[in-house]
Structure formats: C-alpha cells, structure tokens
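# Chains, contacts and geometry: an overview
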Amino acid sequence: MRVTHGLPLAKKTTLGIGGPAAVYADLQDLADFPEFVSLAESFPGAPTCLGAGSNALVADAGCSSPVLRMNTKGVRFVGEAADGRTLVEVQAGHPLSDLVDTVLSHGLIGMEMLAGVPGTVGATPVQNVGAYGQEISDTLVEVTAWDWVSRRRVTLDAAACGLGHRTSIFKGSSRWTLLTVVFALQKSALSTPITYRLVADQLDVPVGSRVPPAEAAEAVLAVRRGKGMVLGCPGADRRTVGSVFYSPEVTSAQARWLQDEGASLNRFPDGMTRVSASWLMRRADFALGSPVAEGVRISHLHHTLVAGEGSSSASFTEAIGTVARRVMERTGIRLVPEVDFLGDWS
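Residues numbered from 1 in each chain as written. Predicted model: local features only at pLDDT ≥ 70, side-chain atom pairs only at ≥ 80, totals over all residues. Heavy atoms only, no water.

Nonpolar side chains tend to gather and get buried jointly when the protein is soluble and globular. Counting residues in hydrophobic clusters, the biggest one holds 42 residues, and the most contacted among them are Leu-99, Met-111, Val-143, Phe-170, Phe-183, Ile-194 and Val-199. Per-element tally for this core: the top contributor is helix α4 (residues 213–226), with 6 residues. Once you skip the residues sitting within four places of it in the chain, Leu-99 turns out to touch Val-75, Val-88, Val-90, His-94, Met-111, Val-121 and Phe-183. One finds Leu-15, Ile-17, Ala-307 and Phe-316 within the second-largest nonpolar core, a separate group that totals 32 residues. (Core = buried A, V, L, I, M, F, W, Y, C linked by side-chain atoms within 4.5 Å. Buried < 20%, exposed > 50% of the residue type's maximum accessible area, 1.4 Å probe, protein only. Helix = DSSP H or I, 4+ residues; strand = E, 2+ residues; numbered from the N terminus. Contact = heavy atoms within 4.5 Å.)

In structure tokens, the structure reads:
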C-alpha cells in the first residue's frame, strides 16, 4: 500500500476537478487492507473510497478524511451456482471493462451490454450499474465488505444489498468498503435479448433478437463511442462522468404525454417506467455544446455535462442545478444527480 499526503484528487477523476486528499492510500493487495484500517481509525469518521473516479465529483476543498484508492485486481472462476451458472469472484479494484472482456472470452453472458462502462467492479453494486437492458442485480450473488461500524469483514448476499435503480444500501453511505464481488454468469453462444433500439439498429436486427455476445458488446461500444461515453475518446468532451442524472421515474399520465412527444421511455427491472434524462435536457432546449456554467457545458456529442477549461466543482454543481431547474420548469419532471459528491462540501 502506497500512502501520499496532499495528493490532488483532480487527476484521479474523469472530470479532472476537485481539491487534494489529506491522506491518499493506493491499495494494490487486499492482504494490506488491515494496514489501511489502522491508518483510517486514527482519523474521525469513515474514510472515502475511490475507484476509477468515473462517477465522482470531489469538492474544491478536497477531502480531509483518508481516501482509499481500490486498485486490487484479479478474477477467479470459483465453481457453479445451483442453477448451473458459472460463479466468478472479482477483486473490487478490477476494471469493469476488463471483466467484461474476460467473461466474454470464456463464453459467458450477462455483462455484454456493460461493455465500455467505466469504473471498477467494486463500484458496480454501489449504484447497481446498468446499461442497455442489463443491470448488476441480474448477476450479483454476494459481496464481501469491511463494515466500519462493526469493524469487521462481512459477506452480504444480493438480497441484503438492497439493489434498486442505480442505488443500493452502499450508495451515499460511508459504512462499507467493498472488497470482492461474486457474479453468476450463464454459458451461452448467444447474448441476452437486445432490448434497446439503438443497439438493435447498430446490429441491424429487430429488438428482442439474440446475437453472438461479442457482437452485442461491440455494438454497445459503437453506440457509446458515438455519444462520447467511452473513456479515452479523443476530443474536448472527454472530461465527463457519463450519465450525470438518473433516468427519472414517470407516472402513467406523464408516460402517455412523453410518448406522444417522442420521448425515449424504457421499462426497468424495478418495474418502473423511466424517461431518458438526455431527452429531457433536449426538451428543455439545452443545445449540444452550449455553456451552462463557468467551464462547464453540454457535450457536443450527447446531452450530458462535461468539464472544460476554467471549470471547478462549484461550477459543475451550479450546472447540475441549472439543468435540473430548467427541466422542471419545461417538463414538470425532476432530475436527480447520480454523481457521488466526495470530500468536504460546505
């Protein structure tokens, strides 16, 4: 474990903004985690856990509590579930994109629609990561975590994780640090059904079709690249957290109105009908590339916020508020940010 004092956190996030960490620990071996526990217990309150920084907005003042960068890596195939699916145990710091490639190479499905989603595996149960019809709740079996309240390692099955639409018992809580995650994946020559029209159109197949998993993953990547939502994309739109807002739940009456207006509506596994936040931003007349706050604007490729020259955590937060207010004024639908606000916010 490497410990650094006063490390600027901006370079550890995809937005590239935010202040320093008083103490920053980079954990590469889970065997060293007890060392971090000892370090953290010398500070008041629970530490902050940072994965790849792809969904994080760090306060301009930085973070006075210890920051743990989960950088542990490793994938193990650990047997079969009762239903015949393959059990895969993954270290929390392992990149999700690498895991998707690994399971595809083993002929396993259940994660192919998550191709290109940034971040670490440990972050996936926190907000029940999902994309294009798949969610972590579809395949999660259990997690091991450190409980900072009871000061012990615990194992929680999927039901105990309280997974919902982009949420869980871990979201917004400093009680747990996730250490390992176990998934159950199905062996199959064909993907799960393609439920999103954008992906189906990319594949030139009808919605509901099943295709070779690698082809499904490549189609998802193509759709994401077209929106500038793959890390490493060149250009000025690379400083992003992807989806800034949750897809909000709508009532049946709102759904009828939105459908008449041509909105992008989808039925989620939680049974709710939700509307695309990007569509709502278009409806509120936010033009691609338009400025919203100092150094913050709408992406040129997709209706989401990106940071640029002169941006700060304060201006990015201001932009979030501006977008949410105008969407509420124009549509009557409330947008809620899904970004994790880390550090010392006033």
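Attention now goes to the UniProt feature "active site" (unreviewed entry) in the protein. The residues that UniProt annotates with the feature "active site" (unreviewed entry) are Arg-166, Ser-243 and Glu-338. Their sequence span is 173 residues, while the largest C-alpha to C-alpha distance among them is just 11.0 Å; these annotated residues converge on one region. Note on placement: Arg-166 falls in the loop between β12 (152–157) and β13 (176–187). Relative accessible area serves as the criterion here: at 10%, Arg-166 is assigned to the buried category. At 3.1 Å, the side chain of Arg-166 and the backbone oxygen of Asn-128 are in polar contact. Classification of Ser-243 by relative accessible area gives partly exposed; the value is 36%. Sequence-distant contacts of Ser-243, defined by excluding residues within four places in its chain, comprise Asn-55, Met-229, Thr-304 and Glu-338. (UniProt positions renumbered as here; feature names shortened; annotations may be inferred. Polar contact = N/O pair within 3.5 Å; in protein donor to acceptor, adjacent residues only side chain to side chain.)

Here the focus is unusual backbone geometry. Even without a glycine there, the phi angle at Arg-166 is positive, about 55°. Despite not being glycine, Asp-285 shows a phi value in the positive range, around 65°. Tracing the chain through its elements places Asp-285 in the loop between α6 (277–283) and β16 (291–293). Since its relative accessible area comes to 53%, Asp-285 is described here as exposed.

Moving on, we come to the pattern of salt bridges. Per the counting criterion, the structure on display carries 11 salt bridges. A salt bridge links Glu-261 to Arg-283, with the shortest nitrogen-to-oxygen separation between them at 2.6 Å. Of this pair, Glu-261 sits in the loop between α5 (252–260) and β14 (265–267) while Arg-283 sits in helix α6, and the two are 22 residues apart along the sequence. Between Arg-330 and Asp-285 there is a salt bridge; the shortest N-O distance is 2.7 Å. Within this pair, whereas Arg-330 is found in helix α7 (residues 313–331), its partner Asp-285 is found in the loop between α6 and β16, the two being separated by 45 residues in sequence. (Salt bridge = Lys/Arg side-chain N within 4 Å of Asp/Glu carboxyl O.)

A separate point is helix α1 (residues 33–40). Listed in full, the buried residues belonging to α1 are Phe-33, Phe-36, Val-37 and Ala-40. The arc enclosing the buried residues of α1, seen along the axis, measures out at 105°, which places them on a common side. Elements that come into contact with the buried residues of α1 comprise β2 (20–27), β5 (67–70), β11 (140–147) and β13. (Arc of directions from axis to C-beta.)

Once that is clear, we can look at the sheet that holds strand β1 (residues 2–8). Read across the open sheet, the 4 strands follow the order β1-β2-β5-β3; overall the sheet is mixed. With partners counted over all chains shown, the strands left at the sheet margins are β1 and β3 (48–50), one partner each. The average undirected angle you get between the axes of adjacent strands in this sheet is 30°. Of the strand pairs in this sheet, β2 and β5 are connected by 4 bridges, and their pairing is parallel. Bridged to Asp-26 within β5 is Arg-69. (Pairing = 2+ DSSP bridges. Axes fitted to C-alpha atoms, helices over the stretch in contact; angles between N-to-C directions.)

This part takes up the packing of aromatic side chains. All told, the structure shown has 8 aromatic pairs when counted by the stated rule. Ring geometry for Phe-33 versus Trp-146: centroids 5.9 Å apart, planes at 65°, classification edge-to-face. One end of the pair, Phe-33, is in helix α1; the other, Trp-146, is in strand β11, and 113 residues separate them in sequence. Judged by centre distance (5.6 Å) and plane angle (90°), the rings of Phe-170 and Trp-176 are edge-to-face. (Phe/Tyr/Trp six-rings, centres within 6.5 Å; stacked < 30°, edge-to-face > 60°.)

Before going further, it helps to spend a moment on the domain arrangement of the protein. Along its sequence, the protein is carved into domain 1 (2–70), domain 2 (75–187) and domain 3 (245–342). One C-alpha centre belongs to domain 2, the other to domain 3; they are set 27 Å apart. Contact residues are listed per partner, giving 5 residues for domain 2 and 8 residues for domain 3. The junction of domain 2 with domain 3 conceals about 660 Å² of combined surface from both sides, 48% of it contributed by carbon and sulfur atoms. Sorting the residues of domain 2 by area buried against domain 3 places His-165, Arg-166 and Lys-171 first, and these three jointly supply 69% of that buried surface. The interface formed by domain 2 and domain 3 includes 1 salt bridge. When the shortest N-O distance is used, the salt bridge between Asp-340 and Lys-171 registers 2.8 Å. (Domains from an automatic or database assignment. Buried area = accessible area lost by both parts, 1.4 Å probe.)

Time to look at the state of the cysteines. By definition, a disulfide is the covalent link that joins the sulfur atoms of two cysteine residues. Under the definition given, this model contains 0 disulfides. No disulfide involves Cys-161; its sulfur sits 15 Å from the nearest other cysteine sulfur, which is in Cys-49. Since its relative accessible area comes to 0%, Cys-161 is described here as buried. (Disulfide = S-S within 2.5 Å.)

Turning our attention to the sheet that holds strand β18 (residues 305–307). Strand order in this open sheet of 3 strands is β16-β17-β18, and the pairing throughout is antiparallel. Looking at strand neighbours, the two that pair on one side only are β16 and β18, the edges of this open sheet. Taking each pair of neighbouring strands and ignoring which way they run, the sheet shows an average axis angle of 40°. Of the strand pairs in this sheet, β16 and strand β17 (residues 296–298) are connected by 2 bridges, and their pairing is antiparallel. Bridging from a neighbouring strand, Ala-293 pairs with Val-296 of β17.

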